[in-house]
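Residue-level structural notes
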Amino acid sequence: MFFASDNSGPVPPQVLTALTEANSGYAMGYGADAEMTVVTARIREIFEAPEAAVYLVATGTAANALALSTLCQPFETIFCTPTAHIHEDECNAPEFYSGGAKLTLVPGAPGFDDKMTPQALRATIAKEETRGVHGPQRGPVSLTQVTERGTIYSLAELQALSAVTKEFALPLHMDGARFANAMVALGCTPAEMTWKAGIDAVSFGGTKNGLLGVEAVIFFDPQKAREFELRRKRGGHLFSKHRYLSAQMLAYLTDDLWRDNAVKANDSCAYLAQGLRRAEAPLLHDPQANMIFAALPRATHQRLFDAGAAYHLWDGPLEGDPQERVAARFVCDWAIKKEQIDQFLALIL
């Protein structure tokens, strides 16, 4: 009954097998391995982007921070939502790797702070670059897909936000830690959710979808490639034994493992959401991918924790009125079993 994070599940056997096979003999380092050549070709094919620059790093924070630093000058600001991972959960890494660029928060729609609207983005951008050299200059916009509240930007929403960034000639970055979950939920192609919608760079996540630890950074404008290479090296994220990153990503891209894992996680989340609705647990957001926010009585939380369930409370402590409802986050990964979900729901219903 482990719903704490999709970072916490096991690694698919295909990935472990690929690592074992890569662990034979010698290979050139720093991304010159044969596996990386194949990875680059496959990502370009999957994204329908034959000129794209493709790089691997070990963590999502590195992917986001290094990508944004490549798109941003130190005297600029990065636009994101109040709940963006780059704002809430990356310990100022984008500011650090960009040399001091600040983050400017774009408010979401009323009652929702996870998705920015074109109107709010335009108004927020317009407020910057109004003080000459005394204020921050306009920089890239970063979107999180899936958002930190489990919702998804539709293709139309992405295109509308992209149109705003193009008005101001600003680059658009996508934090795709849960990229595959969003894509299969929308029923679209990787290209439709990225460069065809106006995305300039994407952090293509693997760790939250089953990998041991690897993310791809993709620039659809290859002119950014050289700068990213230098920033990755300078930032300490260029692996010498790079083949072990490449092997993971290659297994991920083989036989649609990346899609299949996302489908499994999303389907499990939908099954869990049905059970929570039967239990009349209020859902704070409409779960669209593999993450749910729901409110349960404290007494129920205590019963679940005592039985071994693992998840995070979101808006209050465990101690207090046993009947008061406290929101919690539940995340399904690719490996969660229906039997585990049933065991969890049996403690609620």
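Our subject is the structure listed above.
These notes cover the structure that comes with them.

Rules behind the numbers
- Residues numbered from 1 in each chain as written.
- Predicted model: local features only at pLDDT ≥ 70, side-chain atom pairs only at ≥ 80, totals over all residues.
- Heavy atoms only, no water.
- Salt bridge = Lys/Arg side-chain N within 4 Å of Asp/Glu carboxyl O.
- Helix = DSSP H or I, 4+ residues; strand = E, 2+ residues; numbered from the N terminus.
- Buried < 20%, exposed > 50% of the residue type's maximum accessible area, 1.4 Å probe, protein only.
- Core = buried A, V, L, I, M, F, W, Y, C linked by side-chain atoms within 4.5 Å.
- Contact = heavy atoms within 4.5 Å.

Counted by the stated rule, this structure contains 10 salt bridges. For the salt bridge of Glu 48 with Lys 196, the shortest nitrogen-to-oxygen distance reads 3.3 Å. Of the two residues, Glu 48 is situated in the loop between helix H2 (34-46) and strand E1 (53-57) and Lys 196 in the loop between helix H8 (179-186) and strand E6 (201-204); the sequence distance between them amounts to 148 residues. Classification of Glu 48 by relative accessible area gives partly exposed; the value is 39%. Here Lys 196 falls in the partly exposed class, since its relative accessible area comes to 44%. With a closest N to O distance of 3.9 Å, Lys 166 and Asp 200 form a salt bridge. With Lys 166 in helix H7 (residues 155-167) and Asp 200 in the loop between H8 and E6, the pair connects residues that are 34 residues apart, well separated along the chain. For Asp 200, a relative accessible area of 27% corresponds to the partly exposed category.

What follows covers the nonpolar core. Judged by nonpolar contacts, the single largest core of 58 residues is most densely connected at Phe 47, Phe 204 and Met 249. If one sorts the elements of this core by residue count, helix H10 (residues 243-253) sits on top with 7 residues. Contact partners of Met 249, with chain neighbours within four places excluded, come to Val 39, Leu 56, Phe 204, Leu 211, Val 214, Glu 215 and Ala 216.

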